[in-house]
Each structure stands twice: as structure tokens, then as C-alpha cells.
Amino acid sequence: MSLPVFRHTISKFKELFTKNLDNATILIKYDPMLAYLLYKEVSKSSNKTEITSFLQMLNYLGTRRIEQIILDRDLFLDNEDLPIWVYGILSAEVSSLLAAKFSHIHRDEAFFAGLMPCLGLLFMLNEFPVYRSIIQFLIKVPIEDRVFLEKQIFGTNHLDTLKRNIIYTPFKDVVNILNKIFSDDGSKHIKAFVSVRGSSLQSFFDLALLADVSTYGAQALMFPSVFDNRELFLELAKKYFRIKESDSLEILQNAMDRLLDIAREFNVFEEIQLSTEKVFKLRKFKFESKNPVFANMLKQLFEENANDRNIYIYGERSVGRRLLAAVLYTADDNPRKDKPYVMIFCDMEPESLEEEFFGVKDGYLGKKGMQGVLKHADGGTLVIKNFSRMPKDFQDKLQKALQNKRFYRVGDISPTEFPDIKFIFIDRDDVRIKSAKGEFSETLIKLLNPFFFRIFPLRERREDIFYIANEIVNKYNLNIQDKLEQPAIVEKLKTEQFPENLRDLKRFLFLLYIQRLIKS
């Protein structure tokens, strides 16, 4: 069965093989399916020879065999399919740039890992021709949502297709891990793999994580209006690989620059119409409610925010905590709206948290100096996620730093003045409950003195469901406004519990849209 390649890449390769063979070998990894075919060819014939880079692949196969693989292609994706190519190349470049921040992953292996979600889409397209009608929508949504939607429609998903097609190590093992991380019901299981750290499986696990996080990076660049893409990329890069926010933003810019350079090489630059202008600036979003009680609560929250008060936002999964924090930061009356906006996550070991928070003196225990998020957020806003999970030892250190108005970088004997910072805390739980049980420092909470705000789940503000549904429809350009007026859909929106809140509502709407696309 013929596998789809992009016409603009293959045309360029055919041209280069007659003029500039060296340039052809440099560019050859920039067609996802061709990269897969080269990997497959090498893997099935190299036996135990260790080949980790595309250059080694090319040297092993030789130019005549590579040219023959290219000439054998007869199923092409054209300019209308360019968004799929952009998604794949951006993901691969982001993955490669992330891998450059830690030493044990070869950058070409990381590049191929970044291509895998795109490859899964192309394999699905090859198995199900009707998939063409939905593929450009699916590149907008996270892997877990994509797996859920594909399973509902086709009874299989793009990770399954990777498992059927990628049968050689090391990426066979990476695909197996991806299939365990993402289950058919659209849930994601990362914590179950914590035990592989330090084991022989760590590289495979890290490649699987790169495949996941790099897709958010690509989506952040392609679809900046979808707030979660950018924030989740920054969050997961830090959570998975301890890459700080400023470095992650630089990675996004560099990935876009690389894509644009490659697009020029393949003569599709004019068709791409992307830039890095919106990478660094946090867009302005809104957070409103049609529920009178919740709307009044929001009004008070924004008043406290305008008065520069620390804010503690909590609520169930997928109720919009991260979005609300960004809305507060970008509010016109926020006195710090033009100052830094930095995020840190508390669910890490105390030693790492201390380094991330306070920084490290240059040369201490051979470590490269780092300023820490307190320094980076000076004058602006520091968003702390999972505050209630902050380790007890670190609670005491932060409390002491707040009381003394100074702190010590790790390994430093000279104190640093505590900066002028506004805190926004994002959490699932109300930390006051843990404090009442003696599980969290009451003194620390009093020192921070945040305004506590609980976001109601959808089932407690049903007036908002139709409003939010319309916002989702507009944001993702879902052509289903008429369906939202159908009695059965109206009844569903009125009565469904949506236990995972916005996540469940989005998936319900996405499924309606996909069903329409397939039938049209």
C-alpha cells in the first residue's frame, strides 16, 4: 500500500538529486513519511548496527537507494494539506530543540519522536480515506482528545496505527509507551511511568514525552487563539524536563524560524503565512458568567485583582483555573499587566523546588548558576500551580523568606532581597482545608493573605453551558451552530453532568463537528 508524501517536498528532492545532492540529504528528514520510510529501510536491514542520526541513515543506505525510495512515491499531499506538514515539522523542531537542553537524547531521535503524532495522522489517512475531511481539525487538539475522538468514530486511533507500522527499536518501544500513556477513553497516565526514571527505559519514556509536549508547542505557534496550547507547552516542558519558561519561549521562536527557513527551501514560504510575532506576548482573554451568583463573585475577584491582592484560584479539573489566571493578568486594570508573568509548579522534590524558586549560585557543586523564578518575576506576577502540594520543608523556607524579606540562593552565603511580586495560586483544592488538618502551614497562608476564589463546576452554573459552548464553537470554527438548537442537543446540554467540565463539553462539541464533516 502506498503511503502519502508531500508533493512540495518530493518535487524539491527530485530537483536536488540532479543539482545539489548534499542539500538533498540535509532536507530529506523534512517529509514525515519519507523520514519514516528511511528509518524503516535502515531498521530492517541494518541488524544490530546502531544508527541514531539521519546522516548515518543516509550514509548507510547510499544515495542511489534513497533516490529510488523517492522516485517510487505515487501518493501525494498537495498545498491544501500544508497545515499537516507545518504541524509535523514544527513538532519535530520543537522536540529537537527541547532535547538539546538535556544530553542523553540524540537530537535526530528527538526530531523523529516529534514527527510521530503527525505520522499517526498520515497512517490514519491511509487506512481511512474519510479521515481527510477531519485531519486538519484534529491537528488543533491535544493527543488525548484526538485519541478519544478517533476511537469513537473509527474504533482505532493514530497511536494504534503507529503501533501497527513502527515495529523496530528504539521507536517501537516509544510507541508502546505512548499507547500506555494515552488510553482509548482519552485519559492520560504519566505518573504510572515515574518508576522508569533512571532505568533502561528512561530514554524511550523521554522520547514519548517529547512527542507529547512538542505537539503543544506546534499548536501554540499555529493556533495562538487557543490559550491552553501555549500554557500547557510551558507547563509540560518544565514538568517533564525542567526547562524554564524563558527557554521554552525561545524554543518556540527558534522552531518557527526554522520552519520558515525550511518553507523557503521547499518554495512554500508564501503559503505558510505564520510568524513569531505572537509567541512571547500573552494574548488577552475573557472569563465571564451568566450565573448571577458567580458573576458577582467574579466582579469582586477583579476588584481585588485591581487592588494588587494575591489571588488563590481553586476548583475541579478543567474548570478554567489557568485561563482565569491569565485573564486576571491581562486585565486592563491590573497594575502589573505589562510586567513579567512567570509560572512554577509545586509538585516536585523539595531540593529541585528550592533551586527553581530561589535560584542557584554559579559553580555550586559544579552547577550552572540560575536566577530562579522569584528573580524572573520581580515586579510582576508569579503563578504557583498545585500550591497545596508544596513540600513541608519548602513551606518553612518560603515562610522564613517572606518574614525576613530576603532569601538565599542555593549554595550562596549572601542574602538576596525578596522581590516585589504578586502571587496567583492555582490549585484543585482549597489549601485552607489542609491547613485546618495540620497538613499545611497556616502561618504561610496568613503571610500571603490571598483572596480565595472557587470556580464553580459547570453543573453548578448551568446558565453558562450554552454560552461557553458557543465560545468553543467560535474559537475552533466549528460549523455546528444549528445543531446547538436541536431539541436533543439542547436537552443534552441542559442535563449532562459534564464530570470533567470543559474537557467533556469540548469533546461533545468536537464529536458533533467531526460527525458533520464525515457525513458532508
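Because the structure is predicted, anything quoted here is derived from the model rather than measured.

So, how was this worked out
- Residues numbered from 1 in each chain as written.
- Predicted model: local features only at pLDDT ≥ 70, side-chain atom pairs only at ≥ 80, totals over all residues.
- Heavy atoms only, no water.
- Helix = DSSP H or I, 4+ residues; strand = E, 2+ residues; numbered from the N terminus.
- Rg over C-alpha atoms; globule rule 2.2 N^0.38 Å.
- Buried < 20%, exposed > 50% of the residue type's maximum accessible area, 1.4 Å probe, protein only.
- Contact = heavy atoms within 4.5 Å.
- Lys, Arg positive; Asp, Glu negative; His and termini not counted.
- Charge placed at Lys NZ, Arg CZ, Asp CG, Glu CD.
- Axes fitted to C-alpha atoms, helices over the stretch in contact; angles between N-to-C directions.
- Parallel < 35°, antiparallel > 145°, perpendicular 65-115°, else oblique.
- Left-handed = near helix turned anticlockwise from the far one by under 90°.
- Core = buried A, V, L, I, M, F, W, Y, C linked by side-chain atoms within 4.5 Å.

Enquirer: Which residues make up the overall build of the protein, and what values do they have?
Expert: Looking only at helices and strands, one finds 25 helices and nine strands in the protein. Here the protein has a C-alpha radius of gyration of 24 Å; the compact-globule value for 520 residues is 24 Å, and the two agree. If you line up the protein on its principal axes, its C-alpha atoms span 70 × 65 × 40 Å. Looking at the 520 residues of the protein, the share that counts as buried comes to 58%. Considering only contacts in the protein between residues 6 or more positions apart, those separated by 24 or more positions represent 74%. For the protein, the centre of its 76 positive side-chain charges and the centre of its 72 negative side-chain charges are spaced 2 Å apart.

Enquirer: Describe the packing of helix H3 (residues 32–45) against helix H4 (residues 54–61), and please don't skip the residues or the numbers.
Expert: At a minimum axis separation of 10 Å, H3 and H4 run at an interaxial angle of 60°. Overall, the two elements H3 and H4 adopt an arrangement that is oblique. With respect to the hand of their crossing, H3 and H4 are arranged in left-handed fashion. The residues of H4 that touch H3, namely those facing Ala35, Leu38, Tyr39, Glu41, Val42 and Ser45, are Phe54, Met57, Leu58, Tyr60 and Leu61.

Enquirer: Lay out the nonpolar core in plain terms, naming residues and giving numbers.
Expert: Within the largest apolar cluster, 135 residues are counted, with the highest numbers of intra-cluster contacts made by Tyr36, Trp85, Phe112, Met116, Leu478 and Leu509. Setting aside residues up to four positions removed in sequence, tyrosine 36 forms contacts with Leu3, Phe112, Leu119, Phe123, Asn165 and Ile166. Core analysis: the next-biggest nonpolar cluster, separate from the first, contains 31 residues, Cys346, Phe425, Phe440 and Phe452 among them.

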